[in-house]
Amino acid sequence: MADPTPVEHGYSCQEVVELASEYLEGAMTTEQMTRFELHLNLCDGCFSFVEQVRATVAMAHVLPEEEISPAVKSKLLAAFKDWTRE
Ligand SMILES: [Zn+2]
């Protein structure tokens, strides 16, 4: 069975959403980063999503908790679902 998301095709939208915080924290391997950025180059929705997460992470750094809270993450995921519905 073929890999549904080979490296040259980047990650799926769902994977980008799930991996956004790892990407912004620099917690990815080079291969993961390549696949992630490949998808961002092709997908305006995910590019906007990552920019929103980046802004959220920047704000979160003002607070003691550095991780994206589950509440914020689910809010962003909900927003992302709105975009894909269009
Ligand atoms: Zn996408």
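Here's a quick rundown of the structure. (Residues numbered from 1 in each chain as written. Predicted model: local features only at pLDDT ≥ 70, side-chain atom pairs only at ≥ 80, totals over all residues. Heavy atoms only, no water.)

### So, helix H3 (residues 44–60)
Thinking step 1. The terminal C-alpha atoms of H3 lie 24 Å apart, and with 17 residues this matches the ideal 24 Å at 1.5 Å per residue to within 8%.
Thinking step 2. Every buried residue of H3 is accounted for by Cys46, Phe49, Val50, Val53, Thr56, Val57 and Ala60. The arc that holds the buried residues of H3, viewed along the axis, is 120°, so those residues lie on one side. Exposed positions of H3 whose direction lies more than 90 degrees from the buried face are Asp44 and Met59. (Helix = DSSP H or I, 4+ residues; strand = E, 2+ residues; numbered from the N terminus. Expected span 1.5 Å × (residues − 1). Buried < 20%, exposed > 50% of the residue type's maximum accessible area, 1.4 Å probe, protein only. Arc of directions from axis to C-beta.)

### Describing the packing of helix H2 (residues 30–42) against H3
Thinking step 1. Interaxial distance between H2 and H3 falls to 5 Å at its minimum, and their mutual angle equals 115°. Of the two elements, H2 crosses H3, and the hand of that crossing is left-handed. From H2, Phe36, His39, Leu40 and Leu42 reach across to H3, where they touch Asp44, Cys46, Phe47 and Val50.
Thinking step 2. Of the residues belonging to the contact of H2 with H3, the class tally is 6 nonpolar, 1 polar and 1 charged. (Axes fitted to C-alpha atoms, helices over the stretch in contact; angles between N-to-C directions. Left-handed = near helix turned anticlockwise from the far one by under 90°. Contact = heavy atoms within 4.5 Å. Nonpolar A, V, L, I, M, F, W, Y, C, P; charged D, E, K, R; others polar.)

### A look at the pattern of salt bridges
Thinking step 1. All chains considered together, the criterion is met by 2 salt bridges.
Thinking step 2. The closest approach of N and O atoms between Glu31 and Arg35, which form a salt bridge, is 3.9 Å. Of the two residues, Glu31 and Arg35 both sit in helix H2, 4 residues apart, roughly one turn of that helix.
Thinking step 3. Given a relative accessible area of 46%, Glu31 falls into the partly exposed group. (Salt bridge = Lys/Arg side-chain N within 4 Å of Asp/Glu carboxyl O.)

### Points about the packing of helix H1 (residues 13–24) against H3
Thinking step 1. Put simply, H1 and H3 touch, their axes get as near as 10 Å, and they point 30° apart. Here H1 is positioned roughly parallel relative to H3, judged by the angle of their axes. Of the two elements, H1 crosses H3, and the hand of that crossing is right-handed. Residues Cys13, Val16, Val17, Ala20, Tyr23 and Leu24 of H1 form the contact with H3, whose participating residues are Cys46, Phe49, Val50, Val53, Arg54 and Val57. (Parallel < 35°, antiparallel > 145°, perpendicular 65-115°, else oblique.)

### So, the coordination of the zinc ion
Thinking step 1. Around the zinc ion, the protein supplies Cys13 (SG), His39 (NE2), Cys43 (SG) and Cys46 (SG) as donor atoms, at distances of 2.0 to 2.3 Å.
Thinking step 2. Taken together, the 4 donor atoms coordinating the zinc ion and their angles of 100 to 116° define a geometry best described as tetrahedral.
Thinking step 3. As a motif over one chain, the donors of the zinc ion read C-x25-H-x3-C-x2-C. Placement of Cys13 in helix H1 and of His39 in helix H2 is noted, with a sequence separation of 26 residues between them. (Donors = N, O, S within 2.8 Å, 3.2 Å for Na, K, Ca; no water. Tetrahedral: all angles 85-135°; square planar, octahedral: opposite > 155°, others 65-115°.)

### Examining the packing of aromatic side chains
Thinking step 1. This structure, assessed with the given rule, holds 1 aromatic pair.
Thinking step 2. Ring centres of Tyr23 and Phe36 lie 4.2 Å apart, and the angle between their planes is 15°; on these two criteria the pair is classed as stacked. Taken together, the residues Tyr23 in helix H1 and Phe36 in helix H2 connect sequence positions 13 residues apart. Assigned by exposure class, Tyr23 and Phe36 land together as buried. (Phe/Tyr/Trp six-rings, centres within 6.5 Å; stacked < 30°, edge-to-face > 60°.)

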